[in-house]
Amino acid sequence: MVELAPSILSADFARLAEQIGAAERGGGTVIHVDVMDGHFVPNITIGPPVVASLRKVTKLPLDCHLMIENPDEFIPALADAGADWISVHYEACRHLHRSLELIAQHGMRPAVVINPATPVEFLLDVLPMVHHVLVMSVNPGFGGQKFIPFTLNKIQRLCQLRDQLGLQYRVEVDGGVAEDTIASVVEAGADLLVAGNAVFGDGHPEENARRLLRTARAAAGEQSASPKKVQHLQPVNHRRPAATKKRNSLLRVKL
Ligand code: DX5
Ligand code: ZN
């Protein structure tokens, strides 16, 4: 089932709780949180304290997209803040496998992100350990940019690989997803749809989320199911498990 993940980057930061509530009423089922450090990307946004505040106002999964150097340094704090899903950039991780393990060891769902210029094939060895792959359809750093069409090939390729390898990861798309592009990304195979400007940009998140989801579901050939029926497999434990302290422990990532 396709899901909409409203990105709060384009929300009114003075009214985040209210804006998230509206996006949720419109059918959003995941909240996408863009964490930027002014180094990996030329912009600064939010960090663990804001994530902790968001945790108090929504039960939806908090999908934290880390656009930062040295993401490992922030994973424990994000776990304590109540993040559910953490995605790290292939381009920012010197030891990607270690970063993904660290996320899972902290009880969160690990995911990997690729920029538009990064080939899907670079991810082959870590695909079995991720909850989702996030395909950037703009260069990361800012909301409201124009969708880059060739990224549709990456979505398709990831779906083919998933079938060929017998894996279960989901495919998320982020950047320029709006009324005029959302059907294409769904037809290419994405099922987690991040949208910032198209949801919050004009101050009507509920209506915008509803309209986007309607278009996405039509493109997916899905009936207009109630968003309440979406169930994320297994509740995430926000506490840091004891396994954190064990180095080199064997990991089994549950999808
Ligand atoms: C961009 C962020 C996106 C951003 C998308 O670097 O990762 O999540 O919010 O914004 P739109 O949907 O406006 O392109
Ligand atoms: Zn993002």
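Fair warning: this is a prediction, and the values are worked out from it, not measured in the lab. (Residues numbered from 1 in each chain as written. Chains lettered and ligands numbered in written order. Predicted model: local features only at pLDDT ≥ 70, side-chain atom pairs only at ≥ 80, totals over all residues. Heavy atoms only, no water.)

**Q** In this structure, what is going on with the overall build of the protein? I would like to understand it.
**A** Within the protein, the secondary structure is distributed over 8 helices and 8 strands. Within the span of the protein, comprising 255 residues, buried residues form 53% of the whole. Taking the intrachain contacts of the protein between residues at least 6 apart in sequence as the baseline, contacts between residues at least 24 apart amount to 68%. (Helix = DSSP H or I, 4+ residues; strand = E, 2+ residues; numbered from the N terminus. Buried < 20%, exposed > 50% of the residue type's maximum accessible area, 1.4 Å probe, protein only. Contact = heavy atoms within 4.5 Å.)

**Q** When you look at the nonpolar core in this model, what are you seeing that I'm missing?
**A** Taken as a class, soluble globular proteins show a tendency for nonpolar side chains to be buried jointly. Counting residues in each nonpolar core, the largest one holds 64 residues, and the members touching the most others are I8, V33, I86, I155, V185 and L193. With 5 residues, the single largest contributor to this core is helix 5 (residues 151–165). (Core = buried A, V, L, I, M, F, W, Y, C linked by side-chain atoms within 4.5 Å.)

**Q** What is the right way to look at the sheet that holds strand 4 (residues 85–89) in this model?
**A** In a beta sheet, neighbouring strands pair by backbone hydrogen bonds and run either parallel or antiparallel. Spatial strand order, 1-8-7-6-5-4-3-2: 8 strands in an open sheet with parallel pairing. Of all the strands in the sheet, the pair left with one neighbour each is strand 1 (3–6) and strand 2 (31–36). Sheet twist, expressed as the mean angle between neighbouring strand axes with direction ignored, is 25°. In the sheet, strand 5 (residues 109–114) pairs with strand 6 (residues 132–136) via 4 bridges, with the strands oriented parallel. By the bridge assignment, V113 is partnered in strand 6 with L134. Contacts from helix 2 (residues 48–57) reach strand 2 and strand 3 (62–67), with the element oriented near 165° to strand 3. The strands touched by helix 4 (residues 96–105) within the sheet are strand 4 and strand 5, with strand 5 carrying the most contacts at an inclination of about 145°. (Pairing = 2+ DSSP bridges. Axes fitted to C-alpha atoms, helices over the stretch in contact; angles between N-to-C directions.)

**Q** Quick question: what am I supposed to make of the coordination of the zinc ion (ligand 2) here?
**A** When a metal holds four donors in a tetrahedron, each ideal angle between them is 109.5 degrees; when it holds six in an octahedron, the ideal angles are 90 or 180 degrees. Around the zinc ion (ligand 2), the protein supplies H32 (NE2), D34 (OD), H65 (ND1) and D174 (OD) as donor atoms, at distances of 2.1 to 2.3 Å. Here the zinc ion (ligand 2) is ringed by 6 donor atoms whose angles at the metal span 71 to 169°, and the overall shape comes out octahedral. Spacing between the donor residues of the zinc ion (ligand 2) along the chain follows H-x1-D-x30-H-x108-D. Of this pair, H32 sits in strand 2 while D174 sits in strand 7 (residues 170–174), and the two are 142 residues apart along the sequence. (Donors = N, O, S within 2.8 Å, 3.2 Å for Na, K, Ca; no water. Tetrahedral: all angles 85-135°; square planar, octahedral: opposite > 155°, others 65-115°.)

**Q** Could you clarify how one ought to interpret the site of ligand 1 in this entry?
**A** Taken together, 20 residues lie around ligand 1, and S7, D34, G141, G144 and D174 are the ones closest in. S7 places a polar side-chain atom, nitrogen or oxygen, 2.7 Å from an oxygen atom of ligand 1. Taking N197, its main chain carries an N or O atom lying 2.9 Å from an oxygen atom of ligand 1. Contact with the protein chains removes 99% of the 380 Å² of surface that ligand 1 exposes when unbound. Elements supplying a minimum of two residues to the shell around ligand 1: strand 2, strand 3 and strand 8 (192–195). A per-element tally of the shell around ligand 1 places strand 2 first, with 3 residues. Partitioned by chemical class, the residues of the shell around ligand 1 number 8 nonpolar, 10 polar and 2 charged. (Near = heavy atom within 4 Å. Polar contact = N/O pair within 3.5 Å; in protein donor to acceptor, adjacent residues only side chain to side chain. Areas by Shrake-Rupley, 256 points an atom, 1.4 Å probe, with all protein chains shown as cover. Nonpolar A, V, L, I, M, F, W, Y, C, P; charged D, E, K, R; others polar.)

**Q** Got a minute to help me understand the pairing of strand 8 in this structure?
**A** Successive residues of a regular strand alternate their side chains across the two faces of the sheet. Here strand 8 shows no split at all, with L192 and V194 on one side and L193 and A195 on the other all buried. Note that strand 1 and strand 8 share 4 bridges and pair parallel. The partner of E3 across the bridge, within strand 8, is L192. Between strand 7 and its parallel partner strand 8, the chain crosses via helix 6 (residues 182–188), and the hand of that crossover is right-handed. (Right-handed = clockwise from strand over helix to strand, strands pointing away.)

**Q** Just to check I follow, could you spell out the side chain of T151 for this structure?
**A** Among the structural elements, T151 can be located in helix 5. A polar contact of 2.6 Å, which involves the side chain of T151, links it to the backbone oxygen of I148. Those residues in contact with T151, other than ones at most four positions away along the chain, are P116, V135, M136 and S137.

**Q** Sorry, what's going on with the confidence of the model for the protein here?
**A** Reading predicted coordinates in detail is not appropriate for stretches of low pLDDT. Chain-level statistics for the protein give a pLDDT mean of 91 and a share of 87% at 70 or above. Note on residues 235–255: pLDDT under 50 across the span, and 38 contacts to partners over four residues away in sequence or across chains. (pLDDT = per-residue confidence, 0-100.)

**Q** I would appreciate a short explanation of unusual backbone geometry in the present structure.
**A** Note: most peptide bonds trans; most residues except glycine with negative phi. A positive phi angle is found at N70, which is not glycine, with a value near 50°. Here N70 shows up in the loop between strand 3 and helix 3 (75–81).

**Q** Would you take a moment to explain the packing of aromatic side chains for this structure?
**A** Aromatic rings in a pair are described by how distant their centres are and how their planes are angled relative to each other. Applying the stated criterion to the full structure yields 1 aromatic pair. The interplanar angle of 40° and the centroid separation of 5.5 Å between the aromatic rings of Y90 and F122 together place this pair among those described as tilted. Residue Y90 is found in the loop between strand 4 and helix 4, and its partner F122 is found in the loop between strand 5 and strand 6; the two are separated by 32 residues along the sequence. Assessed through its relative accessible area of 28%, Y90 is described here as partly exposed. Residue class for F122 comes out partly exposed when judged on its relative accessible area of 49%. (Phe/Tyr/Trp six-rings, centres within 6.5 Å; stacked < 30°, edge-to-face > 60°.)

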